[in-house]
Amino acid sequence: MKDLLRTEHLSRADIELLLDTAADFAKNPFRSRDALANQSVAVYMTKPSTRTRLASETAIAHLGGTPIFLRGDDLQIGRGETISDTAKIISGFASALIVRTFAQSDVDELGAHSTIPVINALTDTDHPTQLLADWLTIREVFGKDIAGRKFTYVGDGNNMASAWLTMGAILGAHVVVATPPGKWAPNSDAVARATQIANKSGGKIEVLTDPAAAAQGASVLYTDVWMSMGDAESERKEKIAALSPYAVTNDLMAQTASDSIFMHCLPAHRGEEVASEVIDGPKSVIWREAFHRRTTIQAILYHLVRGELVGAL
Ligand code: CP
Ligand code: NVA
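Not measured: the values here are computed from a predicted model.

A. Seen up close, the nonpolar core. Counting 58 residues, the largest nonpolar core has Ile98, Leu132, Trp135, Phe151, Trp164, Val220 and Leu301 as its most contacted members. For this core, the element with the most residues is helix α6 (residues 159-170), which contributes eight residues. Contacts of Phe151, omitting those with residues within four sequence positions, involve Trp135, Ile138, Ile146, Trp164, Ala173, His174, Val175, Val176 and Val220. By size, the runner-up hydrophobic cluster in this structure holds 17 residues, among which are Val176, Leu266, Val274 and Ile279.

So this is what it looks like as structure tokens:
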């Protein structure tokens, strides 16, 4: 496996390896400080980022490399240079490329035309590096035995919802997503793919519209912003109204298991998708989750550059 372009490309064994290495990087951040010595890693983003940029640049530095940050309009892509030419040029200067943008197809194309590993740092449809941080955090709380546990996401059927279903499916988890019906339901291709993966892994996928049913007995209650980067502002009012029953409040948390945790990839909008009492309350693990953005990106870079990920069949 050369790149990490999509969550579904990871095998269960890859995830196990990445999470184990990331757990070690949490304890020993400079364990592999020569892994990228005398090398550069490009970080190219056409959308804003707080965590992913900080985590990526820090991870590169901890591996002894130099990050080169490229903002969307810094490159000649904006003036018509092709993705394929750009990919070849970046491959000549950097040892890996971390990319955040809108279309998944652009990230796929960068991967296809680069000779270096390309890592998806969020697209409109996926967010694989986030899911690794999430699952490392889940493991720290509940351990590796997830049998009988339920992992629920409520809110917008966006990139995070798709990635949540896919990653849970690969790991053989019981994953649940509850969204409004229709326009903001999860992507049907992502649901079909996750169901297919879950059928093989022993996982279980449930797509619901009732947030209380989804939260019932859950070990994890996860949510994300209601307006994602690139969402149409003209739909804001309609979207917020449709999503308001999915807000994570103390009442919704009360439906979950007694040892449950609250998760959020951040950035958060208190008073919209989550109440302050929940996100700033005792069940919230958001700061540990954000911390693991660095440890997991460090593990991805470490293993991809060494060619140690196998990929899903
Ligand atoms: N969770 C996440 O990807 O955060 P940023 O958008 O700040 O990178
Ligand atoms: N769904 C959000 C995630 C941000 C990390 C977005 O795409 O903007």
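B. Molecular detail of the pairing of strand β6 (residues 174-178). Counting buried positions over the five residues of β6 gives five, a clear majority of the element. Burial along β6 is two-sided: His174, Val176 and Ala178 facing one way and Val175 and Val177 facing the other are all buried. Sheet topology note: the strand β5 (residues 150-154)/β6 ladder contains five bridges and is parallel. Bridged to Tyr153 within β6 is Val177. After leaving β5, the chain enters α6 and then returns to the sheet as β6, a path that is right-handed. In this structure, β6 lies alongside strand β7 (residues 204-208), joined through five bridges in parallel fashion. Opposite Ala178, over in β7, you have Leu208 as the bridge partner. Following the chain from β6 across helix α7 (residues 188-201) to the adjacent parallel β7, one finds a crossover that is right-handed.

C. Structural detail: the environment of Arg31. Residue position: Arg31 is located in the loop between α1 (12-27) and β1 (40-45). Arg31 sits in the partly exposed class, given a relative accessible area of 36%. Along the chain, Arg31 and Thr137 lie 106 residues apart, while their C-alpha atoms are 20 Å from each other. Those residues in contact with Arg31, other than ones at most four positions away along the chain, are Thr21, Asp24, Phe25 and Tyr302. A distance of 3.2 Å separates polar atoms of two side chains, one belonging to Arg31 and the other to Ser32.

D. Representation of the pairing of β1. Burial within β1 is extensive, with six of its six residues counted as buried. Residues Ser40, Ala42 and Tyr44 line one face of β1 and the alternating positions Val41, Val43 and Met45 line the opposite face, and both faces are buried. Relative to strand β2 (residues 66-71), β1 runs parallel, the two sharing six bridges. Its bridge partner lying in β2, Ala42 is registered against Ile68. In this fold, the crossover linking β1 to β2 by way of helix α2 (residues 51-62) has right-handed handedness. As judged from the five bridges shared by β1 and strand β3 (residues 96-100), these two strands associate in the parallel manner. Bridge pairing in β3 links Met45 to Arg100.

Conventions we followed
- Residues numbered from 1 in each chain as written.
- Chains lettered and ligands numbered in written order.
- Predicted model: local features only at pLDDT ≥ 70, side-chain atom pairs only at ≥ 80, totals over all residues.
- Heavy atoms only, no water.
- Core = buried A, V, L, I, M, F, W, Y, C linked by side-chain atoms within 4.5 Å.
- Buried < 20%, exposed > 50% of the residue type's maximum accessible area, 1.4 Å probe, protein only.
- Helix = DSSP H or I, 4+ residues; strand = E, 2+ residues; numbered from the N terminus.
- Contact = heavy atoms within 4.5 Å.
- Pairing = 2+ DSSP bridges.
- Right-handed = clockwise from strand over helix to strand, strands pointing away.
- Polar contact = N/O pair within 3.5 Å; in protein donor to acceptor, adjacent residues only side chain to side chain.

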